[in-house]
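Inside the fold
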Amino acid sequence: MPRLSEVLAQLDALWPPERAEQWDAVGTVCGDPDAPVTRVLIAVDPVRSVVDEALGLGADLILTHHPLYLRGTTTVAAGTFKGRVVHTLIKHDIALHVAHTNADSADPGVSDALAGALGLRVVGPLVPDPTDPAGRRGLGRICELDRPATLRDFAARAAHRLPATAQGIRVAGDPDTLVSTVAVSGGSGDSLFDQVRAAGVDVFLTADLRHHPVSEATQHSPLGLVDAAHWATEWPWCELAATQLDEISDRHDWDLRVHVSKTVTDPWSSHHSSGAPN
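An account of the accompanying structure is given in this report.

What counts as what
- Residues numbered from 1 in each chain as written.
- Predicted model: local features only at pLDDT ≥ 70, side-chain atom pairs only at ≥ 80, totals over all residues.
- Heavy atoms only, no water.
- 1 Å grid on protein atoms, 1.4 Å probe; cavity = no way out; pocket = protein on both sides within 12 Å on 5 of 7 lines; lining within 4 Å.
- Points joined across faces, edges and corners; volume = space filled by probe spheres on them.
- Helix = DSSP H or I, 4+ residues; strand = E, 2+ residues; numbered from the N terminus.
- Nonpolar A, V, L, I, M, F, W, Y, C, P; charged D, E, K, R; others polar.
- Disulfide = S-S within 2.5 Å.
- Buried < 20%, exposed > 50% of the residue type's maximum accessible area, 1.4 Å probe, protein only.
- Patch = residues over 30% accessible without salt bridge, like charges linked within 9 Å, V, L, I, M, F, W, Y side chains within 5 Å.
- Areas by Shrake-Rupley, 256 points an atom, 1.4 Å probe, with all protein chains shown as cover.
- Salt bridge = Lys/Arg side-chain N within 4 Å of Asp/Glu carboxyl O.
- Lys, Arg positive; Asp, Glu negative; His and termini not counted.
- Charge placed at Lys NZ, Arg CZ, Asp CG, Glu CD.
- Phe/Tyr/Trp six-rings, centres within 6.5 Å; stacked < 30°, edge-to-face > 60°.
- Contact = heavy atoms within 4.5 Å.
- Arc of directions from axis to C-beta.
- Pairing = 2+ DSSP bridges.
- Axes fitted to C-alpha atoms, helices over the stretch in contact; angles between N-to-C directions.

1. Re the layout of surface pockets
When its volume is computed, the largest pocket comes out at roughly 610 Å³. Around the largest pocket sit 27 residues that line it, and Trp-23, His-100, Thr-101, Asp-104 and His-230 are the ones nearest its centre. Looking at the lining of the largest pocket, the elements that each hand over two or more residues are α3 (81–91), α4 (101–104), α5 (110–117), β6 (138–150), β8 (178–188) and α9 (230–252). Among the elements that make up the lining of the largest pocket, the one with the highest residue count is β8 (four residues). Among the residues making up the lining of the largest pocket, the classes are represented as 10 nonpolar, 11 polar and six charged.

Below you can see the structure in the form of structure tokens.
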């Protein structure tokens, strides 16, 4: 049975905290380094429903993609929802560890998992990490379809293969355009339009696309855009991370029980299609 410090050392080897963006908040939020770990829950968001799931499982460690305190705090008072999360975790001896942008740029990372969920072949990173001599790390991935498809059919593939959310899938571009090359980026990706255009791909799949960047992108070129829910584009990483942690456990004879949260923590709860304009 490993100690928490031993498990965290392996997680930091997978996703070195120094590779996180400077603005990010990754690493261990709470947890006794000498405490034993037998069961791990992996999720996208460190919210109360995930903590409740961990309690039900008897988990000793929660690994999430999103930070609990991204912008810092001056209090962990239980009267706030984040403070209540911290109090609950400590009270029940559950550790919380975060791998965010250091998992985005990893090899394999968040966008590799997204590409895998969509059945795409990864060619390389969209924004290469200049410190990686192998040229495999970096933000986003450039991918190829197994055979050309219309933008409509590719969007339908994304809707079918990604976890269901209230938002579903939004598409910009001619739905009958044939596409064969795809850029993907798990999470918010509209800051990457320059790199996507430079890559010369046919379609870009990401999340949280905003009106003005999309409007400008569609004026620049016939690039197709597929906008999925933020949570849905990052949830496949949880399964990838579970596989990686299972391999580590087997290698060290730890016999960890690793679970992927099925709790949908996407914040949008319903969707209503608007009527035709007058």
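2. So, the state of the cysteines
Counted according to the given criterion, the structure contains zero disulfides. The thiol of Cys-143 is unpaired, and the distance to the nearest cysteine sulfur, on Cys-238, comes to 19 Å. We note that Cys-238 lacks a disulfide partner, and the nearest cysteine sulfur, in Cys-30, lies 18 Å from it. Judged by relative accessible area, Cys-238 falls into the buried class, the value being 0%.

3. Quick notes on a negative patch on the surface
A contiguous patch of negative charge, built from Asp-246, Glu-247, Asp-250 and Asp-253, is present on the exposed surface. Here Asp-250 is to be found in helix α9. A relative accessible area of 59% means that Asp-250 is categorised as exposed.

4. Regarding the packing of aromatic side chains
Summed over the entire model, instances satisfying the criterion amount to two aromatic pairs. Ring geometry for Phe-193 versus Phe-204: centroids 5.8 Å apart, planes at 75 degrees, classification edge-to-face. Taken together, the residues span a long stretch of sequence, with Phe-193 in helix α7 (residues 193–199) and Phe-204 in strand β9 (residues 203–207) at a distance of 11 residues.

5. Let's talk about unusual backbone geometry
A cis amide bond links Asp-107 to the next residue, Pro-108, at an omega of -5 degrees. Despite not being glycine, Asp-93 has its phi angle at roughly 55 degrees, a positive value. Along the polypeptide, Asp-93 turns up in the loop between α3 and β4 (95–98). Since its relative accessible area comes to 63%, Asp-93 is described here as exposed.

6. Focus on the environment of Asp-253
For Asp-253, the location among the structural elements is in the loop between α9 and β11 (257–260). For Asp-253, a relative accessible area of 68% translates into the label exposed. On a C-alpha basis, the gap between Asp-253 and Met-1 in space is 8.4 Å, while along the polypeptide they are 252 residues apart.

7. As for the pattern of salt bridges
Summed over the entire model, instances satisfying the criterion amount to 15 salt bridges. Residues Arg-157 and Asp-146 are paired through a salt bridge, measuring 3.4 Å at the closest nitrogen-oxygen approach. Residue Arg-157 is located in helix α6 (residues 151–161), and its partner Asp-146 is located in strand β6; the two are separated by 11 residues in the primary sequence. Looking at Asp-146, the relative accessible area reads 52%, which means it is exposed. In this structure, the salt-bridge partner of Arg-257 is Asp-255, at a minimum N-O distance of 2.4 Å. One network of salt bridges, in which partners are shared, links Arg-3, Glu-6 and Asp-34.

8. Things to note about α5
A large share of α5 lies buried, amounting to six of its eight residues. For α5, the elements touching its buried residues are α4, β5 (121–128), β6, β8, β9 and α9. Once α5 finishes, Gly-119 follows within two positions and takes phi at roughly 70 degrees, a positive value.

9. A closer look at helix α8 (residues 211–220)
Buried within α8 we find Pro-213, Val-214 and Ala-217. For α8, the buried positions fall inside an angular range of 95 degrees around the axis, keeping them on one side. Opposite its buried face, α8 presents the exposed residues His-211, His-212, Glu-216 and Gln-219, each directed more than 90 degrees away. Considering only its buried residues, α8 is in contact with β7 (170–172), α7 and β10 (224–228).

10. Brief notes about the sheet that holds strand β2 (residues 39–43)
A sheet is described by the order of its strands in space; here five strands give the open sequence β1-β4-β3-β2-β11, paired in mixed fashion. Since the sheet does not close on itself, it has two edges, and those belong to β1 (27–30) and β11, each with one partner. Averaged over all pairs of adjacent strands, the angle between strand axes in this sheet comes to 25 degrees, irrespective of strand direction. One ladder, built from four bridges, connects β2 with strand β3 (residues 61–64); its direction is parallel.

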